[in-house]
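Each chain, written out:
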Amino acid sequence: MPRQKHYYGENHLHFLIRSTYRRARLFDSEKFRQRWVQTLGDLRRELGFKIAGYVLMPEHFHLLIWPSADANPSQIMQRLEGRTALFVLKSLKENTTHPWCRKMLDRLRLPATVHHHAHFRVWQRRGYDLNVWSPKKRDEKLNYMHNNPVTRKLADEPGDWPWSSWRFYFLNDAS
């Protein structure tokens, strides 16, 4: 199947999805969730892109972003994944006495058959990137993201899940 064509530029939104390697539930960790959100905010300020929406789930995330002249979606994702991966791996390696950390580190270990300089991988190698051209598609993606925790039975209502942009839209909560 051919890869989907991506159009980069400053005139439209991008809907992005990325999963952790082997769907490891790294973001069951409060510490890792907080760092992911902090890193996303730091990158937004550094690179000047706009965040239209997001949701962070235990083993993946969705982003709806408006790129800037300083960075296209690929560059934004590369930095977000790189910074969070370094933090996650460092934290797990420093805490191998905790069973959960050992379990996650084992889950992220690359098999011996993979010839790569790294021994661990935090993020899947490929993600999903969709150009969003219309307000209708934007609203569809926002609703999908905000309802994802409810669909997955992680929350009863979208507003009960603090790791999304729902609170910004419906409660004017910028935190």
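Fair warning: this is a prediction, and the values are worked out from it, not measured in the lab.

The rules behind each value
- Residues numbered from 1 in each chain as written.
- Predicted model: local features only at pLDDT ≥ 70, side-chain atom pairs only at ≥ 80, totals over all residues.
- Heavy atoms only, no water.
- Helix = DSSP H or I, 4+ residues; strand = E, 2+ residues; numbered from the N terminus.
- Buried < 20%, exposed > 50% of the residue type's maximum accessible area, 1.4 Å probe, protein only.
- Contact = heavy atoms within 4.5 Å.
- Axes fitted to C-alpha atoms, helices over the stretch in contact; angles between N-to-C directions.
- Left-handed = near helix turned anticlockwise from the far one by under 90°.
- Nonpolar A, V, L, I, M, F, W, Y, C, P; charged D, E, K, R; others polar.
- Pairing = 2+ DSSP bridges.
- Salt bridge = Lys/Arg side-chain N within 4 Å of Asp/Glu carboxyl O.

*Asks:* Residues and numbers for the environment of Gly159, please.
*Replies:* Tracing the sequence through the fold places Gly159 in the loop between helix 4 (135-151) and helix 5 (166-171). The exposure class assigned to Gly159 is buried, which follows from its relative accessible area of 15%. When the C-alpha positions of Gly159 and Pro149 are compared, they lie 9.7 Å apart, and in sequence the two are 10 residues distant. Not counting the four nearest positions on each side in its chain, Gly159 is found in contact with Trp166 and Arg167.

*Asks:* Go over the packing of helix 1 (residues 30-47) against helix 2 (residues 73-94) with me, naming the residues and quoting the values.
*Replies:* Contact geometry of helix 1 with helix 2 gives a least axis separation of 10 Å together with a crossing angle of 145°. For the crossing formed where helix 1 meets helix 2, the hand is right-handed. Contacts between helix 1 and helix 2 involve Lys31, Phe32, Arg35, Trp36, Thr39, Leu40, Leu43, Glu46 and Leu47 on the former and, on the latter, Ile76, Arg79, Leu80, Arg83, Thr84, Phe87, Val88, Ser91 and Leu92. Counted by class, the contact of helix 1 with helix 2 contains 10 nonpolar, three polar and five charged residues.

*Asks:* Before we move on, can you summarise the pairing of strand 1 (residues 13-19) with the specific residues and values?
*Replies:* Within strand 1, seven of the seven residues are buried, leaving the element largely enclosed by the surrounding structure. Taking every second residue as pointing to the same face, both faces of strand 1 are buried, with Leu13, Phe15, Ile17 and Ser19 on one and His14, Leu16 and Arg18 on the other. The pairing of strand 1 with strand 4 (residues 128-132) spans five bridges and is classified as antiparallel. From the neighbouring strand, His14 faces strand 4, where its bridge partner is Asn131. Across six bridges, the pairing between strand 1 and strand 3 (residues 60-66) is antiparallel. Among the inter-strand pairings, Ile17 is bridged to a residue of strand 3, identified as His62.

*Asks:* Report on unusual backbone geometry, specifying residues and quantitative values.
*Replies:* Leaving glycine aside, a negative phi is the common case for residues, and trans is the common case for peptide bonds. One non-glycine residue with positive phi stands out, namely Arg22, at about 55°. You can call Arg22 partly exposed: its relative accessible area is 32%. A positive phi angle is found at Arg23, which is not glycine, with a value near 55°. Counting through the fold element by element, Arg23 comes out in the loop between strand 1 and helix 1.

*Asks:* For the pattern of salt bridges, give the residues involved together with the corresponding values.
*Replies:* If you walk through the whole model with that rule in mind, you get 12 salt bridges. Between Arg33 and Glu30 there is a salt bridge, and its shortest N-O distance comes to 2.6 Å. Placement of both Arg33 and Glu30 in helix 1 is noted, with a separation of three residues, approximately one turn of the helix. Put simply, Glu94 and Lys90 hold a salt bridge, and the shortest N to O gap is 2.8 Å. One end of the pair, Glu94, and the other, Lys90, are both in helix 2, four residues apart, so they sit about a helical turn from each other.

By themselves these figures say nothing about function.
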